[in-house]
Amino acid sequence: DTEVTQTPKHLVMGMTNKKSLKCEQHMGHRAMYWYKQKAKKPPELMFVYSYEKLSINESVPSRFSPECPNSSLLNLHLHALQPEDSALYLCASRPGLQGNEQFFGPGTRLTVL
Amino acid sequence: AQSVTQLGSHVSVSEGALVLLRCNYSSSVPPYLFWYVQYPNQGLQLLLKYTSAATLVKGINGFEAEFKKSETSFHLTKPSAHMSDAAEYFCAVSDISDSWGKLQFGAGTQVVVTP
């Protein structure tokens, strides 16, 4: 299995809803990433997990809450989002060694009403 | 801080013509360099990478890139464009000293292929 999967593919939520995005990889990668991508822009890093520990939080608002239950799974819990949070959310994973590329999932298209 | 510049946010090429996408980085120490492609409503797919081995790197789908330290560049080329090459292309760098492998992306170049 050489891919990163993300569910759901699309998500529409209201500003008072609570929802979660899921990312899974079975490549044995120990680093996992969440990105936010707005239209016509490059991905912006949100969080980095290394060996299931949160290593980097790029000053992301607390309405986004990441979780790494095990080495294969990464969640992003969403609560009280704003319309400007609407974007494509990408997950990526990487082998631990330096110089290796990140493998990206297909993304979740989030719309906040 | 590391920065990446992609010259040209939008490139239009004829089918069969050369594709040339430019990428320059800012650091004095050569970083790891990557080219990714993104098709509409999809994730990013790696085309190729440079990690201090051969300066001419061959990737998937007929793409290649040449690392030029003197010019701090890593331009992407394909000799003959195909309609399926229409996509967004991102150049990205990662500091060799960064154990998290964080990527700094360029702004991206939209490639349009005309018949």
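Report follows, based on the coordinates. Since we're looking at a predicted model, the values are computed, not measured. (Residues numbered from 1 in each chain as written. Chains lettered and ligands numbered in written order. Predicted model: local features only at pLDDT ≥ 70, side-chain atom pairs only at ≥ 80, totals over all residues. Heavy atoms only, no water.)

Take the overall build of chain B next. Within chain B, the secondary structure is distributed over zero helices and eleven strands. Mapped from its N terminus to its C terminus, chain B presents α and β elements in the order β-β-β-β-β-β-β-β-β-β-β. Relative to the globule expectation of 13 Å for 115 residues, the C-alpha radius of gyration of chain B, 14 Å, shows essentially globular dimensions. Projected onto its principal axes, the C-alpha coordinates of chain B cover approximately 45 × 30 × 20 Å. Scored against the burial criterion, the 115 residues of chain B give a buried share of 45%. In chain B, of all internal contacts separated by at least 6 residues, the share reaching a separation of at least 24 is 57%. Counting only carbon and sulfur atoms, one obtains 53% of the accessible surface of chain B, whose full area is about 5400 Å². In chain B, which carries 7 positive and 8 negative side-chain charges, the distance between the mean positions of the two groups comes to 5 Å. (Helix = DSSP H or I, 4+ residues; strand = E, 2+ residues; numbered from the N terminus. Rg over C-alpha atoms; globule rule 2.2 N^0.38 Å. Buried < 20%, exposed > 50% of the residue type's maximum accessible area, 1.4 Å probe, protein only. Contact = heavy atoms within 4.5 Å. Areas by Shrake-Rupley, 256 points an atom, 1.4 Å probe, with all protein chains shown as cover. Lys, Arg positive; Asp, Glu negative; His and termini not counted. Charge placed at Lys NZ, Arg CZ, Asp CG, Glu CD.)

Attention shifts here to the environment of B:Leu76. All names here are of chain B. When you line up the elements, Leu76 lands in strand S8 (residues 73–78). According to the relative accessible area criterion, Leu76 is buried, its value standing at 0%. Placed 13 residues apart in sequence, Leu76 and Tyr89 show a C-alpha to C-alpha distance of 9.5 Å. Apart from residues lying up to four places away in sequence, Leu76 is in contact with Val19, Leu20, Leu21, Trp35, Leu47, Leu48, Phe63, Glu64, Ala65 and Tyr89.

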